[in-house]
Amino acid sequence: MIYIDPEQANIIEARTIHYNNIKCYLLKKVGSINKNCKIPNCKICANTLRGYKKTISKKKGKKTVKTKVTFYFNKIIEDKIKEKGFIDKLLNSDPASLALLEKKTIDDLKNTMYSQVLSNNNISPSGICLATFRIGKLTSIDDINKELEKLINYETWFKNKEPSYQYSPYHLAKKLDRRTCTYCNRLFTSTITEHGDKKVSKVTRPQFDHWFPKSKHPLLALSFYNLIPSCSVCNSNIKGSIDMDLDIHHHPYYSEFCNDFGFSIKHIPKNMIKVITVGGTQKTKDTAKQLKLEELYSAHIPEVKDLINLRKSYSDIYIKCLATYLNKIKKLSESEIHRIIFNVESKKEDYHKVPLSKFKNDILKELGVIEIK
Ligand SMILES: [Zn+2]
Ligand SMILES: [Zn+2]
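Q: Got a minute to help me understand the overall build of the chain in this structure?
A: When its secondary structure is counted, the chain shows 18 helices and six strands. Expressed along its principal axes, the backbone C-alpha trace of the chain runs to roughly 90 × 55 × 30 Å. With 373 residues in all, the chain has 34% of them scored as buried. Sequence separation of 24 or more characterises 63% of the internal contacts of the chain that already satisfy a separation of 6 or more.

Q: Can you help me understand the domain arrangement of the chain in this one?
A: Where interface size is quoted, it is often the accessible area lost as the parts come together. The domain boundaries assigned to the chain delineate domain 1 (9-157), domain 2 (169-239) and domain 3 (256-366). When each unit is reduced to the centre of its C-alpha atoms, the spacing between domain 1 and domain 3 is 47 Å.

Q: I keep staring at the packing of helix 16 (residues 316-329) against helix 17 (residues 334-342) and nothing clicks. Help me out?
A: Each pair of packed helices can be summarised by the angle the axes make with each other and by the distance between the axes. Their axes nearest at 10 Å, the elements helix 16 and helix 17 cross at an angle of 120 degrees. With respect to helix 17, the axis of helix 16 lies oblique. As helix 16 runs across helix 17, the sense of the crossing is right-handed. For the pair helix 16 and helix 17, contact is made by Ile319, Leu322, Ala323, Leu326 and Asn327 and by Ile337, Ile340 and Ile341, respectively. Class assignment of the residues belonging to the contact of helix 16 with helix 17 gives a composition of seven nonpolar, one polar and no charged.

Q: Would you mind going over the packing of helix 4 (residues 65-82) against helix 7 (residues 125-138) with me for this structure?
A: In contact at an axis separation of 9 Å, helix 4 and helix 7 are set at 45 degrees when each is read in the N-to-C sense. Between helix 4 and helix 7, the interaxial angle falls into the category oblique. As for the relative orientation of helix 4 and helix 7, their crossing is right-handed in sense. Contact residues: helix 4 offers Val65, Lys66, Val69 and Phe73, while helix 7 offers Gly127, Leu130, Ala131, Arg134, Ile135 and Leu138. Taken together, the residues of the contact of helix 4 with helix 7 sort by class into seven nonpolar, one polar and two charged.

Calculation notes
- Residues numbered from 1 in each chain as written.
- Chains lettered and ligands numbered in written order.
- Predicted model: local features only at pLDDT ≥ 70, side-chain atom pairs only at ≥ 80, totals over all residues.
- Helix = DSSP H or I, 4+ residues; strand = E, 2+ residues; numbered from the N terminus.
- Buried ≥ 20, exposed ≤ 12 C-beta atoms within 10 Å, placed from the backbone.
- Contact = placed C-beta atoms within 7 Å.
- Domains from an automatic or database assignment.
- Axes fitted to C-alpha atoms, helices over the stretch in contact; angles between N-to-C directions.
- Parallel < 35°, antiparallel > 145°, perpendicular 65-115°, else oblique.
- Left-handed = near helix turned anticlockwise from the far one by under 90°.
- Nonpolar A, V, L, I, M, F, W, Y, C, P; charged D, E, K, R; others polar.

The structure is reproduced here in structure tokens:
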């Protein structure tokens, strides 16, 4: 897993643009409008967007206790989204604060339902029992999550948006500018669009993995730090909807994993080699295990053999000479020379730009290949 530095200028910009657009969307969704919209000619604010509550309010006739309670439940959810500062926290909070925010929101919704719904809805004494039963059902974690999923509507509203729209996953991916998968650093995840005469069309982009899976944490489906640019293998086949826990697993927007984790070669019988992962803490080991890094990198033995051959054929003096020669042809930085010789990025912050950079750097270090000065 490759660290994404939240303080990098393009990441801050990506977060701001994401926040500005999604705030307009969420406020529209709860029947409000973003009075402080910062987007010129904002299509989201201008368009009629089907409100979240409308799907239920279409029902005609005398309202039953069940309908009254459902309405009130929707209203409470809407009020929560509209609460001062809530959207800011929901979209911008760091991963640890997101986990707490989700817990608090669900508790608040549950408590408000019990404390207010019976007193505010003219429910007859005979209906109280039914209403209480209904509240119990609606405020089960599964039912709250179902409502939140309807409200956030990630799949329809964000995931499938075309790059020609005002804001889409292509905009987010382009700004984040991660060239390889955050989790495996093996596959390219560049964002490519096609610019025609009239519109921008999609070509390819990274998938967005929800670190807190959206199936279990729908409230966090559009939160910036929960959208991890990744390859389809990691997003769909490996991580999927596995419930991650910040006490057990590292998160790519926190740097600990990368400081603590590495790849190594283990020699096994019959002159064979095996790639293993090495990391200090249990949390690092558990994260590597969850992301199946050892399994994935067992497919890269040929690359290890190339590095071993390179180590055998290039003496330290030869590499130094090559570096000096390259530097003479064109003034190159140390990392550029490193990239030309070994086909990897040497700086941690650049690992994401070239596949296998973290892996190859660890192996090169282990093989004692000189560091170019
Ligand atoms: Zn707007
Ligand atoms: Zn991946």
